[in-house]
Amino acid sequence: MDILEFQNKLKEIQTLAVNNGKKVHVQLVEKFFDDPDMDGEKLKRVYDYLETQGIRVEGILGGADSPSRQEQEERSAQPEKERIPLTREEEEYLQEYLENMGAREEAAEEVLFEQFFRGERAAREALTRLYQREVVEAAKDFNREELFFGDLLQEGNMGLLMALENAGEQEDLGSRITEEIRNAVRSFVEEQTRQKKEDDILVERVRTLEAKVKELTEDDKDIKYSVEELALFLDMDVEDIRSVLRLTGEE
């Protein structure tokens, strides 16, 4: 499949997905890009690109439909892979972090909640210290080598504070707070992973454009083309070229 055919197919699948509520099934994508040259890695890059355009690719895992909302909620607080051991520096950071948090409150959790709902500030601080164990466990579960462990702790604490802010007198409140902590850390990791995908795709677009321009001008390096001319010669959208040029700082 040549580059022109690939670009046209990519535009067509995007149009189909937009008309389908910004979602498309993986089987349709595979059928659309059915070609001996399209291996698993290339298809994955297509999925990643579609996701960065706000299009959900359904059924990637095992070829089955995407999990239902209930299944997603049940799995939302679960780590996606086995724990990654902390480095020595991270262990030292964690130790210092826990020391700065101070000793955990010895009072019973139920008593602290009663004091918290009476508006006692000390109870809020005590609950924050009490749930540090859950914050640390969530950060360890969702730890990634490419992320700073301290950021995961910070996101877990944000989830904890928001959970306390919105807490009402209800049964199983402790479990709800733990869930909010884990959801906050998980959401942060997912957002950072998505951003990295977008960054990688943009970098690849810059490299591709540079290679095309180099090939186009190799016979005469002094020649200059306008963006509109490049779009015509390279069969690319003007706005796509402008967005890539902005990444390189070019006018």
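Residues numbered from 1 in each chain as written. Predicted model: local features only at pLDDT ≥ 70, side-chain atom pairs only at ≥ 80, totals over all residues. Heavy atoms only, no water.

Below, the discussion takes up the overall build of the protein. Within the protein, the regular secondary structure consists of twelve helices and two strands. Ordered by position in the sequence, the α and β elements of the protein form the string α-β-α-α-β-α-α-α-α-α-α-α-α-α. Taken across its 251 residues, the protein has 35% of its residues classed as buried. Intrachain contacts of the protein at a sequence separation of at least 6 include 66% that bridge at least 24 residues. With an accessible surface of roughly 16,400 Å², the protein has 47% of that area assigned to carbon and sulfur atoms. (Helix = DSSP H or I, 4+ residues; strand = E, 2+ residues; numbered from the N terminus. Buried < 20%, exposed > 50% of the residue type's maximum accessible area, 1.4 Å probe, protein only. Contact = heavy atoms within 4.5 Å. Areas by Shrake-Rupley, 256 points an atom, 1.4 Å probe, with all protein chains shown as cover.)

The interhelical angle for the contact between helix 8 (residues 132–141) and helix 9 (residues 149–165), taken along N-to-C directions, is 135 degrees, at an axis separation of 9 Å. Accordingly, the angle class assigned to the pair helix 8 and helix 9 is oblique. Here helix 8 runs over helix 9; the crossing is right-handed. For the pair helix 8 and helix 9, contact is made by Gln 132, Val 135, Val 136, Ala 139 and Lys 140 and by Phe 149, Leu 152, Leu 153, Gly 156, Asn 157 and Leu 160, respectively. The residue makeup of the contact of helix 8 with helix 9, split by class, is seven nonpolar, three polar and one charged. (Axes fitted to C-alpha atoms, helices over the stretch in contact; angles between N-to-C directions. Parallel < 35°, antiparallel > 145°, perpendicular 65-115°, else oblique. Left-handed = near helix turned anticlockwise from the far one by under 90°. Nonpolar A, V, L, I, M, F, W, Y, C, P; charged D, E, K, R; others polar.)

Another point: the pattern of salt bridges. A side chain with one charge may pair with a side chain of the opposite charge, provided their charged atoms come close. Per the stated rule, a full pass over the model turns up twelve salt bridges. When the shortest N-O distance is used, the salt bridge between Lys 44 and Asp 48 registers 3.2 Å. A residue pair is termed a helical-turn pair when its members lie 3 or 4 positions apart in one helix, as Lys 44 and Asp 48 do in helix 3 (residues 40–52) at four residues. Residue classification places Lys 44 among the partly exposed positions, given a relative accessible area of 41%. (Salt bridge = Lys/Arg side-chain N within 4 Å of Asp/Glu carboxyl O.)

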